Each structure stands twice: as C-alpha cells, then as structure tokens.
Amino acid sequence: MEKKRRREIGLILVLLVVSGLSYFGIRQFQNSTTENAVAVIFVEDKEVGRYPLSKDIRITVSGKDDGENVVEIKDCKVRVVKASCPDLICVHHQEISKNGETIVCLPNRVVVEVQSEEEAEVDGTTH
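Here we summarise the structure given alongside this text. Every value quoted in this text rests on a predicted model; they were computed, and no experiment measured them. (Residues numbered from 1 in each chain as written. Predicted model: local features only at pLDDT ≥ 70, side-chain atom pairs only at ≥ 80, totals over all residues. Heavy atoms only, no water.)

Focus: the sheet that holds strand S6 (residues 102-105)
Argument step 1. Pairing is antiparallel in the open sheet, where four strands are placed in the order S2-S1-S7-S6. Of all the strands in the sheet, just strand S2 (46-52) and S6 have a single pairing partner and so form its edges. On average, adjacent strands in this sheet sit at an angle of 20 degrees to one another, irrespective of strand direction.
Argument step 2. Two elements, S6 and strand S7 (residues 110-116), share four bridges in a ladder whose sense is antiparallel. Each bridged residue has a counterpart across the sheet, and for Val104 the counterpart in S7 is Val111. (Pairing = 2+ DSSP bridges. Helix = DSSP H or I, 4+ residues; strand = E, 2+ residues; numbered from the N terminus. Axes fitted to C-alpha atoms, helices over the stretch in contact; angles between N-to-C directions.)

Dropping the structure here:
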C-alpha cells in the first residue's frame, strides 16, 4: 500500500512540473512573438499602414463610405477608440497585443491586425 501511495505522489509531482513548464514556455513564446510586433491596418483588404506597438500613437483611418475609425497604440496594445459605425463593436472590443489578434469594423471595412515583424511577409494567417 505504501509503494502505491509513493507512486501516486510521484506521478502528481511529475504532472505538476510538466504543466508548470508548459505554462511558462507558452508565456515566454507569447512574449517573444509580441516583442517586435506591429499593428497592420487594412481598409477593404488593402494595407494602409504598419505601426510598431512600441510607440504610442493615434491614427485616424478613413474607411468605406467616408467612415472613420481612430486607432490607438498605447503601452504595446492596440484598440479602436472611436468609430463612425452604428454598432461600435470595434470600439467595445478588448485591446489586442498578441500575434494574429484582430479588431474588425465591418461597416467601415477596417481591420486592425497584430503581426510580428518576422511574419510580416506572410500572405495570410491560419488560425
């Protein structure tokens, strides 16, 4: 009975160590992919600008049918602070900062996507 208990405790400890290492490995990977990240802004599938997340800036984007979005980069995070669209879903979207995350304003046809510089030449992203 004592051997079985020791094996169970050993198995639990191994699982805890593996899960802890996995957690910290994933966190490190996320930090390394956003280190040199840029916010790429598209209007109707055409790229209109690339802005590093390391610099605080506000960009006014002219969308479809004279629509307007104000995109803010602050503290290495991107968000839409103002939009002329009726639903304002893009304004209520949480800030983004990780590679591949997007904010979409469908009425104005504006997309804001975070990309790492290493992957800036990729034609598309698969999730």
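Having put the structure on the table, let's press on.
Some details on the packing of aromatic side chains
Argument step 1. For the structure shown, the criterion picks out one aromatic pair.
Argument step 2. Consider the rings of Tyr23 and Phe24, whose centres lie 5.2 Å apart with planes at 75 degrees: the pair is edge-to-face.
Argument step 3. You can call Tyr23 partly exposed: its relative accessible area is 47%. (Phe/Tyr/Trp six-rings, centres within 6.5 Å; stacked < 30°, edge-to-face > 60°. Buried < 20%, exposed > 50% of the residue type's maximum accessible area, 1.4 Å probe, protein only.)

A look at a nonpolar patch on the surface
Argument step 1. On the surface, Ile9, Ile12, Leu13 and Leu16 cluster together into a nonpolar patch covering about 390 Å² of accessible area.
Argument step 2. Assignment of secondary structure puts Leu16 in helix H1 (residues 2-34).
Argument step 3. For Leu16, a relative accessible area of 55% corresponds to the exposed category. (Patch = residues over 30% accessible without salt bridge, like charges linked within 9 Å, V, L, I, M, F, W, Y side chains within 5 Å. Areas by Shrake-Rupley, 256 points an atom, 1.4 Å probe, with all protein chains shown as cover. Salt bridge = Lys/Arg side-chain N within 4 Å of Asp/Glu carboxyl O.)

Structural notes on the sheet that holds strand S3 (residues 57-62)
Argument step 1. The antiparallel open sheet is built from three strands, whose spatial order is S3-S4-S5. For this open sheet the edge positions go to S3 and strand S5 (77-83), each flanked by a neighbour on one side alone. This sheet shows a mean twist of 25 degrees between the axes of neighbouring strands, independent of strand direction.
Argument step 2. Across six bridges, S3 lies against strand S4 (residues 68-74) in antiparallel orientation. What sits directly across from Thr60, in S4, is Val70.

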